[in-house]
Amino acid sequence: MEEQVAKIWQKNDQVNELIERFTVGRDYLLDEQLVPYDCAGSIAHARGLVRAGILSREEGESLETELRAIAVQAAENGFPISRELEDGHAALEAELVRRLGDAGKKIHTGRSRNDQVLTSTRLFFRDSVLDIMFSGLQAVSAWLDFAQKNAAVPMPGRTHMQIAMPSTIGLWAQAYAEEMLDDLDHLFYCMERIDRSPLGAAAGYGVPLPIDRNFIAEQMGFSKVLENTIYVNNSRGKFEGLLLQALEQLQQTYSKIAQDLIFFSLPELGYVSLPVELCTGSSIMPQKKNPDGLELLRAKAGMVSGYLQQVQNIIRCLPSGYNRDFQDTKEPVLRSLEIAADSTAVIQLTIKQLQVNEKALRDACTPELFATDAALQLVQEGWSFRDAYREVGTNLDKVQSMSIDDVIASRTAAGSPGNPAPQAVLQRLTELTDMVANRQKAVREAIDSLIPGFYHARIDVSGE
């Protein structure tokens, strides 16, 4: 039954070796982590072909059996792909032909590598986003716990990095909880745009076969079908860019958190401390405790921004329909999803182990911090604000320290230091967590119905 399989598009001509290497690129390496998802999409497609009378029930069952076996093999031990076969889709078909002969040759009926690659990548993107969101929402919960624990711990608020007005460490932490929640909400919106099945569009113009695209989409747990077959191809790169924009926003938040923590943990300030297990040392200076993880969070934000720009530049000015340029939009997204997953885990670990030094924070509340409060006291005595501002501003040496706890307590507006009002954030967190959990449950049930135990067998493959 074994048969030597050439490239799935090859006729009689031989491609120049340089052009072959150039066009294949790293696809055959990157696709190793997509093989289980390609198997899931192929099972759904096989069921559609059986439903349309193109495959016999026996052929469909044999294809499903082998595709499940390949998916488990790929998830547990990897599925090496040779450069000669170009990518995971060709390698999967070659393996099916090797195992099943003629039945394996029928699996590609009614589809193109165009809609096949879109299906496998979007199944992968969907899972990755839901995993990142689940971890991110846990991090938001940790930030809120930290904020409530330190709600009354004072700290100097800063503008232009200079001492500004009284604040609390709790208010600072809750700000990041809300910011992350917005980022994750936006990421979920982008995932919903991507959560539409491209399968059945073929090369962008459909096929003259009675394939039920809605049925196939339901098999994979997609919420909808991406209807217009030309738009299916046009969406490649566009949807990747949409996802990268959301990931970039999340990474920018992480970068700002990292910068704050690096600054606040400077020995000269000592507002917070990072446990030694979250830091690294120097090869020459014995005393060093370096916040390398936080520094790399800043760097990773720049990398994701660069990947976004890369994808946008690739698809800019392309004509409609499939173009090989799209191939180079795959790696930036895979890398960015990996970065976002790791960064989210680092943020969650950091906030859970962050140590607050209340004495240092209170000591930092020097008289200049109360200048605005002093001016507003004059306003309450009948002064105009502008005159009070000038009076205090020209006599800063006369500003007296106030009770920082009383000053904070006087700020009672919702969302301010004396009244952080976390209830609304907690409500949003609960609602978004429920949405993610429900979507993830439905997705996993659908994929597990194609490949039982899929999520138990799944592993990370770097593609290196």
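Since the model is a prediction, treat every value here as computed from it, not as a measurement.

Visitor: Help me out: how do you make sense of the environment of Leu181 in this one?
Guide: Checked against the element boundaries, Leu181 lands in helix 8 (residues 169-194). Residue Leu181 is classed as buried on the basis of its relative accessible area, which comes to 1%. For the pair Leu181 and Gly136, spaced 45 residues apart in the sequence, the C-alpha separation amounts to 8.3 Å. Filtering out sequence-adjacent residues up to four positions away, Leu181 remains in contact with Leu137, Val140, Val425, Arg428, Leu429 and Leu432.

Visitor: In this structure, what is going on with a nonpolar patch on the surface? I would like to understand it.
Guide: A grouping of Leu376, Phe385 and Tyr389 is seen on the molecular surface, where their side chains present a nonpolar patch of about 300 Å² in accessible area. Looking at where Phe385 falls in the secondary structure, it is placed in helix 16 (residues 385-393).

Visitor: For this particular structure, what's the right way to read helix 4 (residues 57-77)?
Guide: An α-helical segment advances 3.6 residues per turn. Residues three or four places apart therefore align on the same side. Counted at 1.5 Å a residue, the expected span for helix 4 with its 21 residues is 30 Å, and the 30 Å between its end C-alpha atoms agrees. By the burial criterion, the buried members of helix 4 are Glu59, Gly60, Leu63, Glu64, Glu66, Leu67, Ile70, Ala71, Ala74 and Ala75. A positive phi of about 90° marks Gly78, the residue just after helix 4.

Visitor: Can you help me understand the side chain of Asp127 in this one?
Guide: Take Asp127: it is sitting in helix 7 (residues 113-149). Reaching out from Asp127, the side chain makes a polar contact with the side chain of Tyr37 at a distance of 2.9 Å.

Visitor: Honestly, the confidence of the model for the chain in this entry has me stumped. Any pointers?
Guide: Detailed reading of predicted coordinates is not advised where the pLDDT is low. Averaged over all residues, the pLDDT of the chain equals 92, while 95% of them reach at least 70. Predicted confidence for residues 459-464 stays below pLDDT 50, and this span has 11 contacts to residues more than four positions away or in other chains.

Visitor: Just to check I follow, could you spell out unusual backbone geometry for this structure?
Guide: Glycine aside, a negative phi is what most residues show, and trans is what most peptide bonds show. Although it is not a glycine, Ala202 sits at a positive phi angle of roughly 55°. Looking at the element boundaries, Ala202 is found in the loop between strand 3 (196-197) and helix 9 (213-219). Exposure remark for Ala202: the relative accessible area of 6% places this residue in the buried category. For Cys317, which is not a glycine, the phi torsion comes out positive at approximately 70°.

Visitor: For this particular structure, what's the right way to read the packing of helix 7 against helix 13 (residues 330-353)?
Guide: The relative placement of two packed helices is expressed as an angle between their axes plus a distance between the axes. In contact at an axis separation of 9 Å, helix 7 and helix 13 are set at 15° when each is read in the N-to-C sense. With respect to helix 13, the axis of helix 7 lies roughly parallel. The chirality of how helix 7 crosses helix 13 is left-handed. Considered class by class, the residues forming the contact of helix 7 with helix 13 number 17 nonpolar, seven polar and two charged.

Visitor: What's the story with the pattern of salt bridges in this structure? I'm lost.
Guide: Think of it this way: side chains of opposite charge can pair up when their charged atoms draw near. The tally for this structure, following the rule as stated, stands at 21 salt bridges. Two residues, Lys359 and Asp363, come together in a salt bridge whose shortest N-O distance is 2.8 Å. With a gap of four residues between them, Lys359 and Asp363 both fall in helix 14 (residues 358-363), about one helical turn apart. The exposure class of Asp363 is partly exposed, given its relative accessible area of 49%.

Visitor: Where do I start with the nonpolar core in this structure?
Guide: Soluble, globular proteins show a tendency: their nonpolar side chains are buried together. The biggest cluster of nonpolar side chains holds 114 residues, and the ones touching the most others in it are Trp143, Trp172, Leu187, Leu243, Leu247 and Leu337. Counting residues per element, this core draws most heavily on helix 7, which supplies 16 residues. If near-sequence neighbours (up to four positions away) are discounted, Trp143 is found in contact with Trp172, Ala173, Tyr176, Ala177, Met180, Ile257, Ile347 and Ile351. Ranked by size, the runner-up nonpolar core spans 13 residues in total, among them Leu369, Ala374, Leu378 and Val399.

Visitor: Honestly, the packing of aromatic side chains in this entry has me stumped. Any pointers?
Guide: The geometry of an aromatic ring pair is captured by two quantities: the separation of the ring centres and the angle between the planes. Summed over all chains, the structure comprises 13 aromatic pairs. Ring geometry for Trp143 and Trp172: centres 5.5 Å apart, planes at 70°, overall edge-to-face. Here Trp143 is found in helix 7, whereas its partner Trp172 is found in helix 8, with 29 residues between them in sequence. Judged by its relative accessible area of 10%, Trp172 falls in the buried class. When the centroid spacing of 5.8 Å and the interplanar angle of 50° are considered together, the rings of Tyr322 and Phe326 count as tilted. Aromatic rings pair up to connect Trp143, Phe146, Trp172, Tyr176, Phe263, Phe264 and Tyr271 into one cluster. A cation over an aromatic ring shows up here: Arg126 above the ring of Phe222, its NZ or CZ 4.8 Å from the ring centre. When the ring centre of Tyr189 is taken as origin, the NZ or CZ atom of Arg193, which lies over that ring, is 4.5 Å away.

Visitor: Any chance you could explain the side chain of Arg126 here in plain terms?
Guide: Residue placement: Arg126 occurs in helix 7. Of the residues examined, Arg126 reaches a relative accessible area of 2% and is grouped as buried. Reaching out from Arg126, the side chain makes a polar contact with the side chain of Asp195 at a distance of 3.0 Å. Other than its neighbours up to four places away in sequence, Arg126 contacts Met191, Asp195, Met220, Gly221, Phe222, Arg439, Val443 and Ile447.

About the criteria used
- Residues numbered from 1 in each chain as written.
- Predicted model: local features only at pLDDT ≥ 70, side-chain atom pairs only at ≥ 80, totals over all residues.
- Heavy atoms only, no water.
- Helix = DSSP H or I, 4+ residues; strand = E, 2+ residues; numbered from the N terminus.
- Buried < 20%, exposed > 50% of the residue type's maximum accessible area, 1.4 Å probe, protein only.
- Contact = heavy atoms within 4.5 Å.
- Patch = residues over 30% accessible without salt bridge, like charges linked within 9 Å, V, L, I, M, F, W, Y side chains within 5 Å.
- Areas by Shrake-Rupley, 256 points an atom, 1.4 Å probe, with all protein chains shown as cover.
- Salt bridge = Lys/Arg side-chain N within 4 Å of Asp/Glu carboxyl O.
- Expected span 1.5 Å × (residues − 1).
- Polar contact = N/O pair within 3.5 Å; in protein donor to acceptor, adjacent residues only side chain to side chain.
- pLDDT = per-residue confidence, 0-100.
- Axes fitted to C-alpha atoms, helices over the stretch in contact; angles between N-to-C directions.
- Parallel < 35°, antiparallel > 145°, perpendicular 65-115°, else oblique.
- Left-handed = near helix turned anticlockwise from the far one by under 90°.
- Nonpolar A, V, L, I, M, F, W, Y, C, P; charged D, E, K, R; others polar.
- Core = buried A, V, L, I, M, F, W, Y, C linked by side-chain atoms within 4.5 Å.
- Phe/Tyr/Trp six-rings, centres within 6.5 Å; stacked < 30°, edge-to-face > 60°.
- Lys NZ or Arg CZ within 6 Å of the ring centre and 35° of its normal.

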